[in-house]
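# Chain and residue survey
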Amino acid sequence: MAGELTLSPFLSDALVILGSAGIVIPVFARFRITPIIGFILIGVLVGPYGLGSLVERIPWLYHFTISNPESLTPFADFGIVLLLFAIGLELSFNRLWQMRKLVFGLGALELLIIGTSLAGFLALALGMTVTAALALGFALAFSSTAIVLPISGTRTPVGRAALSMLLFEDIMIVPIIFILGALAPNAQGEGWEGLIETLWQGALVITVLLVVGRLALPRLFAQAARTKSPELFLSASLLVVIGASLATALVGLSPIVGALIAGLLIAETEYHTEVELIMEPFKGLALGVFLITVGMSINLAEISAQIGLITFAVVGVLAFKALVTGVLLRLMGARRGTAAETGVLMSSPSETTLIVLAAATSALVVDAETARFWQTVTAIGLTITPLLARLGAMLGRQVDGAPQLPAADDTDTARTIIVGGGRVGRLVADMMHTHGKPYVMIDTNPDLVTAAKRDGYRATFGDAARGDALTRLGVESAPAVVLTMDEPVLAQRLVSKLREAYSDLLIVARARDPDHAAALYRAGASHAVPETLEASLQLSEAVLVDIGVAMGPVIASIHAKRDEFREQLERDGGLSEKPKLRTSRGTAG
């Protein structure tokens, strides 16, 4: 029949995923529980070992289960790519360079010590071959970038320590998989030759990405910003991340390497805040798909049959990784609380563990039954990672601290946020600079932002009224937010939104006239400065003095007139006291 809609397996799976997201995110947010656990539990429920196993007996369950778990793999991989892209956006080449000792020092030591130690234990205790033990040991040494970083962030001491180790692990994925191929029983040296070829081709592609990206990306996003079209901005963002990922994948590197480089390049432009905001929903949904695939790999029947052995393996891996990571952090100067919390958070295996196990199995290094057992251990570890994060936070609060890891850069310091990069915003920024106070300007006009950056101002592109742009700039720790744009309705709406979210935040707003100032005070502004009022009073002062009126009476009359306006603002703005209105020559009240 024409126009009849057939519910294909793909559409059915998509409905299950979207429906799961619609249930999991609000329900778990209501109880302040990370949705990570919810997505994994949904995967267990709708997967082949849950309700999916009953489809043959109860056909209607087909519409509430995932019919082909393998079909979700590309979407899950895309979620990891977007996550690494988002990590790159939060970094910069300068910040990454400052972290080089942590990445190649702490990260390398953590992976090497845990991997070789676990390999030695597996070889001695379980009688595995050296090759199999090394493959399994390094597979279990990886920690989950996809789950750990959304929990820890990248700005806190714990987040920076975790990020440094995870970045090194992500770099080492490709060499480890190639080495497994070279160590395979039937390998004839192709693995080593392939590794060398991939490394030189990868270095060439990365160089091209860096050069072309620095030249092309600012122009690309400037054009997208001028159109004022969110759709075009989104298209440009997806083009960059997918293009960079494909470029590195084509030469044998992991796509996440390209995604990370794309994020780092955009982080160097003034458009990174807007790109973060526009990509956030896609990253969250794709990550949810990945977590559902993790849940679908958990076989509850198999776990119950080997509950003792699996529990021992999970606890053993978690405890050993937490101990090694914590001790390394303490030796590198982290305070005890940071070391303890990071060690526990980083203790579970990773989604990369599953990739390395699959490569080891296909290379005949690890047998299928052993791989299945450790895949179950990994899935359980991923599932309980949010619980480990809470345990680590509690443990960290219980121990005393020594000096923290050094701050990565000045974005970790509290800074005043100036909304608007025009003449008024620049004047405020000049005064902040004069008195040594850190600030950042944000504006939706790409030309204003480019000109401000060229003139030495700290400016970034973004829409302060949309999404969590100000949150990304650290509004929760900002000493003040200054609204300088000449858009009365937008200013009033933004003041109301900020006051609702941050009751103690200092909000200073530019007002068009006394009526607008009163509206801003009603919305929650700390100070509203009517530009027409102050300009009129200063004009009056200048002309009266120059035509012969004595300075004393002029200043007294100016104060009297300003006091009238203060009383009007107190009345119209619903204030408990008169607001402060200042000029360069004196202060009212």
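Just above, that's the structure.
First, a word on scope: everything that follows refers to the structure included in this document. (Residues numbered from 1 in each chain as written. Predicted model: local features only at pLDDT ≥ 70, side-chain atom pairs only at ≥ 80, totals over all residues. Heavy atoms only, no water.)

A few words on the sheet that holds strand E6 (residues 527–530). Spatial ordering of the open sheet is given by E3-E2-E1-E4-E5-E6, a layout of six strands whose pairing is parallel. Each of the sheet's edge strands pairs with one partner strand only, and the pair in question is strand E3 (459–461) and E6. Recorded for the sheet is a direction-independent mean angle of 20° between the axes of neighbouring strands. Two strands pair when backbone bridges link them, and strand E2 (residues 439–443) and E3 are joined in this way by three bridges, in the parallel orientation. (Pairing = 2+ DSSP bridges. Helix = DSSP H or I, 4+ residues; strand = E, 2+ residues; numbered from the N terminus. Axes fitted to C-alpha atoms, helices over the stretch in contact; angles between N-to-C directions.)

Looking now at the side chain of Thr378. With respect to the helices and strands, Thr378 occurs in helix H17 (residues 368–383). Only 2.8 Å separates the side chain of Thr378 from the backbone oxygen of Trp374, close enough to count as a polar contact. (Polar contact = N/O pair within 3.5 Å; in protein donor to acceptor, adjacent residues only side chain to side chain.)

It is worth spelling out the environment of Gly79 at this point. The residue Gly79 is located in helix H3 (residues 73–90) in this model. Each C-alpha atom of the pair Gly79 and Ala286 lies 4.1 Å from the other, and the pair is 207 residues apart in sequence.

Taken together, the four bridges between strand E4 (residues 480–483) and strand E5 (residues 506–511) define a ladder with parallel strand orientation. Residue pairing in the sheet places Val482 in a bridge with Val508 of E5. A crossover links E4 with its parallel partner E5, the connecting element being helix H22 (residues 488–501), and its sense is right-handed. For the segment spanning E5, helix H23 (residues 514–523) and E6, crossover handedness is right-handed. (Right-handed = clockwise from strand over helix to strand, strands pointing away.)

Another point: the environment of Lys283. Along the polypeptide, Lys283 turns up in helix H12 (residues 272–296). For Lys283, a relative accessible area of 15% translates into the label buried. As a C-alpha pair, Lys283 and Leu84 span 199 residues in sequence and 9.7 Å in three-dimensional space. Leave out the neighbours within four places in its chain, and Lys283 touches Leu82, Leu83 and Ala86. (Buried < 20%, exposed > 50% of the residue type's maximum accessible area, 1.4 Å probe, protein only. Contact = heavy atoms within 4.5 Å.)

All told, the structure shown has four cavities of 30 Å³ or more when counted by the stated rule. Roughly 70 Å³ of volume is contained in the largest cavity. Around the largest cavity sit Leu82, Phe85, Ala86, Leu89, Glu90, Glu276, Met279, Glu280, Lys283 and Arg472, which together line it. Elements supplying a minimum of two residues to the lining of the largest cavity: H3 and H12. Among the elements that line the lining of the largest cavity, the one with the most residues is H3, at five residues. When its residues are assigned to classes, the lining of the largest cavity shows five nonpolar, no polar and five charged. (1 Å grid on protein atoms, 1.4 Å probe; cavity = no way out; pocket = protein on both sides within 12 Å on 5 of 7 lines; lining within 4 Å. Points joined across faces, edges and corners; volume = space filled by probe spheres on them. Nonpolar A, V, L, I, M, F, W, Y, C, P; charged D, E, K, R; others polar.)

In summary, soluble globular proteins display a tendency toward joint burial of nonpolar side chains. One finds Phe85, Phe221, Phe233 and Trp374 to be the most contacted residues of the largest nonpolar core, which totals 121 residues. Take this core: its biggest share by element is 11 residues, from H12. Not counting residues up to four positions away in its chain, the partners in contact with Phe233 are Phe221, Ala224, Ala225, Tyr271, Glu274, Val275, Ile278 and Phe461. Judged by nonpolar contacts, the second largest core, of 28 residues, contains Val481, Ala509, Ala511 and Ala517. (Core = buried A, V, L, I, M, F, W, Y, C linked by side-chain atoms within 4.5 Å.)

Judged by which residues are buried, E6 turns out to be one-sided: Ala528 and Pro530 face inward and are buried, whereas His527 and Val529, on the alternate face, are not. One ladder, built from four bridges, connects E5 with E6; its direction is parallel. Bridging across to E6, Arg510 finds its partner in Val529.

Contact geometry for H3 and helix H11 (residues 255–267): axes closest at 7 Å, N-to-C directions at 30°. In terms of orientation, H3 lies roughly parallel with respect to H11. Our pair here, H3 against H11, has a crossing hand that is right-handed. Note on element contacts: H11 touches H3 through Pro255, Ile256, Ala259, Leu260, Ala262, Gly263, Leu264, Ile266 and Ala267, opposite Ile80, Val81, Leu84, Phe85, Ile87, Gly88 and Leu89. Classifying every residue of the contact of H3 with H11 gives 14 nonpolar, two polar and no charged. (Parallel < 35°, antiparallel > 145°, perpendicular 65-115°, else oblique. Left-handed = near helix turned anticlockwise from the far one by under 90°.)

To continue, consider a nonpolar patch on the surface. Taken together, the side chains of Ile196, Trp200, Leu204, Val208, Val211, Val212 and Leu215 present a nonpolar region at the surface, about 710 Å² in accessible area. Given the relative accessible area of 53%, Leu215 is considered exposed. (Patch = residues over 30% accessible without salt bridge, like charges linked within 9 Å, V, L, I, M, F, W, Y side chains within 5 Å. Areas by Shrake-Rupley, 256 points an atom, 1.4 Å probe, with all protein chains shown as cover. Salt bridge = Lys/Arg side-chain N within 4 Å of Asp/Glu carboxyl O.)

Attention now moves to the pattern of salt bridges. If the charged atoms of two oppositely charged side chains come close together, the side chains can form a pair. All told, the structure shown has two salt bridges when counted by the stated rule. One salt bridge in this structure joins Arg426 and Asp455, with 2.9 Å as the shortest N-O distance. In this pair, Arg426 is assigned in helix H19 (residues 423–434) and Asp455 in the loop between helix H20 (446–454) and E3, connecting sequence segments 29 residues apart. Look at Asp455 and you get partly exposed, because its relative accessible area is 47%. In this structure, Asp486 engages Arg512 in a salt bridge whose closest nitrogen and oxygen atoms are separated by 3.0 Å. A residue pair is termed long-range when its members are at least 10 positions apart, and Asp486 in the loop between E4 and H22 and Arg512 in the loop between E5 and H23 qualify at 26 residues. A relative accessible area of 36% means that Arg512 is categorised as partly exposed.

All right, on to the packing of helix H10 (residues 230–250) against H11 then. Orientation of H10 relative to H11, taken along the N-to-C sense of each, is 140°, at an axis distance of 7 Å. By the angle between their directions, the pair H10 and H11 is classed as oblique. Once H10 is placed against H11, the crossing between them reads as right-handed. Here H10 contributes Val240, Val241, Ala244, Ser245, Thr248 and Ala249 to the contact with H11, which in turn contributes Pro255, Val257, Gly258, Ala259, Ala262 and Ile266. Looking at the contact of H10 with H11 residue by residue, the classes come out as nine nonpolar, three polar and no charged.

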